[in-house]
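Residues per chain, in single letters:
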Amino acid sequence: MNSKSENNSQRNSALENLVRQNEDALSVIEYQEYEPQVFAIPVRQREEEFNLLKQAASFQPTLYRKIEELATWEELQSCIAEIRNIEARTMTQAVVNLTEANRETTANLQDSISLAGKKQESFISDNSKLLRETVNDIRSTAENLRRQLIRIMVTTAVGSALLSVLASAVYLRLAL
């Protein structure tokens, strides 16, 4: 990755300089005039080293082109900013959706509570009315039973008195 302070022109010129330096160093090694000196390096090893160096030098431009294709710090920053914006919008929308769902749920619960309260009030009212009617019926029945009991007692008392008079009259008649 590139540092924040690098810009495209600096990076490109630095890359070009590096490629040029590698090419120059390779050509210097390949075509350098020298005084013969004897070293104990096998020719085959030296050829392998030289071939390896050539391969590295020929691969470096490809590597640099591939590195050039990688995103720069600035490009990543804009992507990160866009991702953060998308994330913020998504979170905001999620909060709005949750808030709306909570409002609907709260409204439904309040409606259910209200309906339950009305049903409970209606139930209590109906039962209170039924209880009053039942109490009034019991009082009315008790009053009717009391009147009938008084009638029965009066009738019994009158009947007893008449029977006593009649029994006394029959007893007097029989005794005379």
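> Can you lay out the overall build of the chain for me, pointing to particular residues and giving the numbers?
Along its length, the chain carries three helices and zero strands. The order of α-helices and β-strands along the chain, N terminus first, is α-α-α. For the chain, with 176 residues in total, the buried portion stands at 5%. In the structure as shown, the chain presents an accessible area of about 15600 Å², 60% of it carried by carbon and sulfur atoms.

> An account of the confidence of the model for the chain is needed here, citing residue identities and associated values.
In low-pLDDT segments, the atomic positions of the prediction should not be examined closely. Mean pLDDT over the chain stands at 82; residues scoring 70 or higher make up 85%. When pLDDT is averaged over each element of the chain, helix 3 (residues 73-175) comes out on top at 91 and helix 1 (residues 8-31) at the bottom at 65. Low pLDDT, under 50, characterises residues 1-11; the stretch is placed with 13 contacts to residues that sit more than four places away or in other chains.

> Lay out a nonpolar patch on the surface in plain terms, naming residues and giving numbers.
Nonpolar side chains collect at one region of the surface, where Phe59, Leu63, Ile67 and Leu70 lie side by side and expose about 350 Å² of accessible area between them. We classify Ile67 as partly exposed; its relative accessible area is 41%.

> Mind laying out helix 2 (residues 43-69), listing which residues take part and the relevant values?
Here helix 2 spans 40 Å end to end across 27 residues, near enough to the 39 Å set by a 1.5 Å rise per residue. For helix 2, the principal kink sits at Gln60 and spans about 30 degrees; a proline, Pro61, occurs within the next four residues. Turning to helix 2, its buried residues are Phe50, Ala57 and Tyr64.

> With reference to specific residues and values, describe the pattern of salt bridges.
In total, this model carries three salt bridges according to the counting rule given. Here Glu49 makes a salt bridge to Arg46, at a shortest N to O gap of 3.4 Å. Within this pair, Glu49 and its partner Arg46 are both found in helix 2, separated by three residues, close to a single helical turn. Under the relative-accessibility criterion, Glu49 is labelled partly exposed at 36%. Here Arg146 makes a salt bridge to Glu143, at a shortest N to O gap of 2.6 Å. Residue Arg146 and its partner Glu143 are located together in helix 3, separated by three residues, close to a single helical turn. We classify Glu143 as partly exposed; its relative accessible area is 28%.

Conventions adopted
Residues numbered from 1 in each chain as written. Predicted model: local features only at pLDDT ≥ 70, side-chain atom pairs only at ≥ 80, totals over all residues. Heavy atoms only, no water. Helix = DSSP H or I, 4+ residues; strand = E, 2+ residues; numbered from the N terminus. Buried < 20%, exposed > 50% of the residue type's maximum accessible area, 1.4 Å probe, protein only. Areas by Shrake-Rupley, 256 points an atom, 1.4 Å probe, with all protein chains shown as cover. pLDDT = per-residue confidence, 0-100. Contact = heavy atoms within 4.5 Å. Patch = residues over 30% accessible without salt bridge, like charges linked within 9 Å, V, L, I, M, F, W, Y side chains within 5 Å. Salt bridge = Lys/Arg side-chain N within 4 Å of Asp/Glu carboxyl O. Expected span 1.5 Å × (residues − 1). Bend = angle between axes of the 7 residues up to and from the residue.

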